[in-house]
Every structure is written in C-alpha cells, then in structure tokens.
Amino acid sequence: MSKKQDAANSAINTRLRRPAWLKVQLGANKDFSDVRSLIKRQKLHTVCESARCPNIGECWSRRTATFMILGNICTRSCKFCNIEVGKPTEYDLDEPRRVAEAVAELRLRHAVITSVTRDDLSDGGASMFAETIRLIHEMAPSCTVEVLIPDFKGNLDDLDTVLDARPDILNHNLETVKRLQKDVRVQAGYDRSLSILEHAKQRGFIIKSGIMVGLGEQWNEIIELLHDLRAVDCDILTIGQYLPPTKMHYPLDRFYTPDEFAELKRIALKLGFTHVESGPLVRSSYHADEQVPVIRDSE
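Owing to the predicted nature of the structure, the values given are computational and were not obtained by experimental measurement.

Moving on, we get to the environment of proline 167. Turning to its location among the elements, proline 167 is positioned in the loop between α7 (156-163) and β7 (169-171). On the accessibility criterion, proline 167 (4% relative accessible area) is buried. When the C-alpha atoms of proline 167 and histidine 137 are compared, they prove to be 9.0 Å apart, with 30 residues separating the residues in sequence. In contact with proline 167, other than residues within four places in its own chain, are Ile133, Val145, Val147, Val162 and Phe205.

A few words now on the nonpolar core. With 73 residues, the main nonpolar core has Val103, Ile113, Ile136, Val147, Ile149 and Leu229 as its most contacted residues. Sort the elements by how many residues they give to this core and helix α6 (residues 126-139) lands first, with seven residues. Other than its neighbours up to four places away in sequence, leucine 229 contacts Leu174, Leu194, Leu197, Ser209, Cys234, Leu237 and Phe273.

On to the packing of aromatic side chains. Per the stated rule, a full pass over the model turns up two aromatic pairs. Measuring from centroid to centroid gives 6.1 Å for tyrosine 256 and phenylalanine 261, while their planes differ by 50 degrees, and the two rings are tilted. For tyrosine 256, a relative accessible area of 2% translates into the label buried. The positively charged end of arginine 230 is found above the aromatic ring belonging to phenylalanine 273, 5.6 Å away from the centroid. Geometry around tyrosine 256 places arginine 254 over its ring, the cationic atom sitting 3.8 Å from the centre.

What follows is about the packing of α6 against α7. Direction vectors running N to C along α6 and α7 enclose 10 degrees, while the axes themselves pass 8 Å from each other. Accordingly, the angle class assigned to the pair α6 and α7 is roughly parallel. When α6 is examined against α7, the residues Ala126, Ser127, Phe129, Ala130 and Ile133 are found in contact with a partner set consisting of Asp158, Thr161 and Val162. Grouping the constituent residues of the contact of α6 with α7 by class yields five nonpolar, two polar and one charged.

A word on helix α9 (residues 190-202). Taking 1.5 Å of rise per residue, 13 residues should cover 18 Å, and α9 covers 18 Å from first to last C-alpha, within 8% of that figure. For α9, the full list of buried residues reads Tyr190, Ser193, Leu194, Ile196, Leu197, His199 and Ala200. Contacts made by the buried residues of α9 are with α7, β7, α8 (181-184), β8 (206-213) and α10 (219-231). Immediately downstream of α9, the backbone of glycine 204 shows phi near 95 degrees, a positive value.

What counts as what
Residues numbered from 1 in each chain as written. Predicted model: local features only at pLDDT ≥ 70, side-chain atom pairs only at ≥ 80, totals over all residues. Heavy atoms only, no water. Helix = DSSP H or I, 4+ residues; strand = E, 2+ residues; numbered from the N terminus. Buried < 20%, exposed > 50% of the residue type's maximum accessible area, 1.4 Å probe, protein only. Contact = heavy atoms within 4.5 Å. Core = buried A, V, L, I, M, F, W, Y, C linked by side-chain atoms within 4.5 Å. Phe/Tyr/Trp six-rings, centres within 6.5 Å; stacked < 30°, edge-to-face > 60°. Lys NZ or Arg CZ within 6 Å of the ring centre and 35° of its normal. Axes fitted to C-alpha atoms, helices over the stretch in contact; angles between N-to-C directions. Parallel < 35°, antiparallel > 145°, perpendicular 65-115°, else oblique. Nonpolar A, V, L, I, M, F, W, Y, C, P; charged D, E, K, R; others polar. Expected span 1.5 Å × (residues − 1).

Quick look at the structure:
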C-alpha cells in the first residue's frame, strides 16, 4: 500500500467514531485469567489476540478461545487483518498435542481451530490441522471440533486431508462481497472459496462461512452473497461489523445499525441457513459453542 493510500485510510478511519453499540468491556474474572495463563503456559497462539478481536474479554471469561496453529506470521496480506505478514519461522510438530491438552484442560464442549495462511508449506498446513483434530478427538472425545481454514490455494487434496480427520464443522470465510474481493483479500478468490465450501458439503460436512460489512459493499451485493452461499448449501453464517485494526488498514465505509444486522439475519434464515449470528461485534467464532445443537441435530 502506498504512503498516499496509507494517509487516506488513516484519515477515513480516524474520522469515523464508533457508535455506542460497538463499545465493549474487557473481562477480568478468574476464568479470563485461567484461559490467559493456560495459553501462555502451553506456548499457544490465539486469533483472539493476534487479530485484536473485540470479544476477547467476553469469550475468555466464558472459558472459550480460538486456537491459531502454524505460528502467528501469515504469508498473505489481506488488507482488513491485523495478523503480521511475512516469512513464517514456526512449524512446531508438537503444537497439535499442546492444543489438544489445552482443550481437555478447559473442558470445552466445542473447540475452534484456525491458522495463519501458510502458502510456504507444500500442503498449506493441512496435515497440522488434521493432527490437531485427531488429538482433540482422542483427548477430549466429548468436544466437537470446528476448523476455520485457509483456502489451500484451492487444492482439494489438501482439503481432503483435513476432512479425513472428521471435523464437526468446516468453516471458511468469504469475508466480503464479490466486487471487493481483490481489494480486500488480495491473494484469495470468491469462487475459489465457494468451491472449498462446496467440496466439503459434497462430502457430507456441516459448512460455515462468515462476512464483514462496512467496507463499501451495497445491500444488494450482500443478498447476492447470501444466495451464493446457499447455492452450495452453507449451513451456518456469521455477519459482523468491519472494524479497522489500525488507522492504516482498509478504510471503513460506514457502521451498520443493530436493526440492519437483525434484518440480514432474518433474510439469511428465510433463505435456509440453519444458524445465523449477525451483529456489530460478531466474528467467525463468536458464540461458536452455541452452534453445537446444529451439529447434534444433524447426527
């Protein structure tokens, strides 16, 4: 991004003040401290911290966290994301065991595993996802497992490596409408992401996706995206407000109101999504444990 564009983005993101419904309180109870201590002790990464998620206080206070494997340096430069971009240095073969032990210690009923994108690896990190899933099933058999995966450059063999480990939910985010993909997800693609979801669904898995709003999309473009997700039989959807992590990130266009989020949820449910989380502070793993009944009902 040029210095001129950086300055323009900074001016826009400084001008738009957050409305009252986007104010959050940090959690500071014992459960929050326990989760933070466990993550530090096991030398793990969480997307909660790396992506500066606004819900970290609420989620950690409920003893939930989204574990991020394969390090905390990403090979892609998505303009909305706060995770560091560069050449990754971590590939810790013991990491899946430590994640599984953390899940067991926290006595989670639903675990969410994600990663940075590792285009530097021959399988994009698929084998590490698979080993993490297998060990969680082994160490915490009552816990359901959701994986929020990158697109593996569209390689369906790598996707099958993950699916063969039998996650309960396969999550892959479209992030934004088709028109804005190239600007927002520089090295990704709308159709490629849909093909990842479609392949998982064809193999019989529950599939989930998420989007942000407030990047300059039009209402009709959001509805078109919802139709595209339902065309591949997507089950679960999350819709949240885009919040630039810093003043230099992709410019915020506007804030959606709680009523608009409620209307998007109504439309999505009418289209056939089984479960929809739609609200200003919703993120991909927000209240993911509440989606367990969707899993149970499908069995």
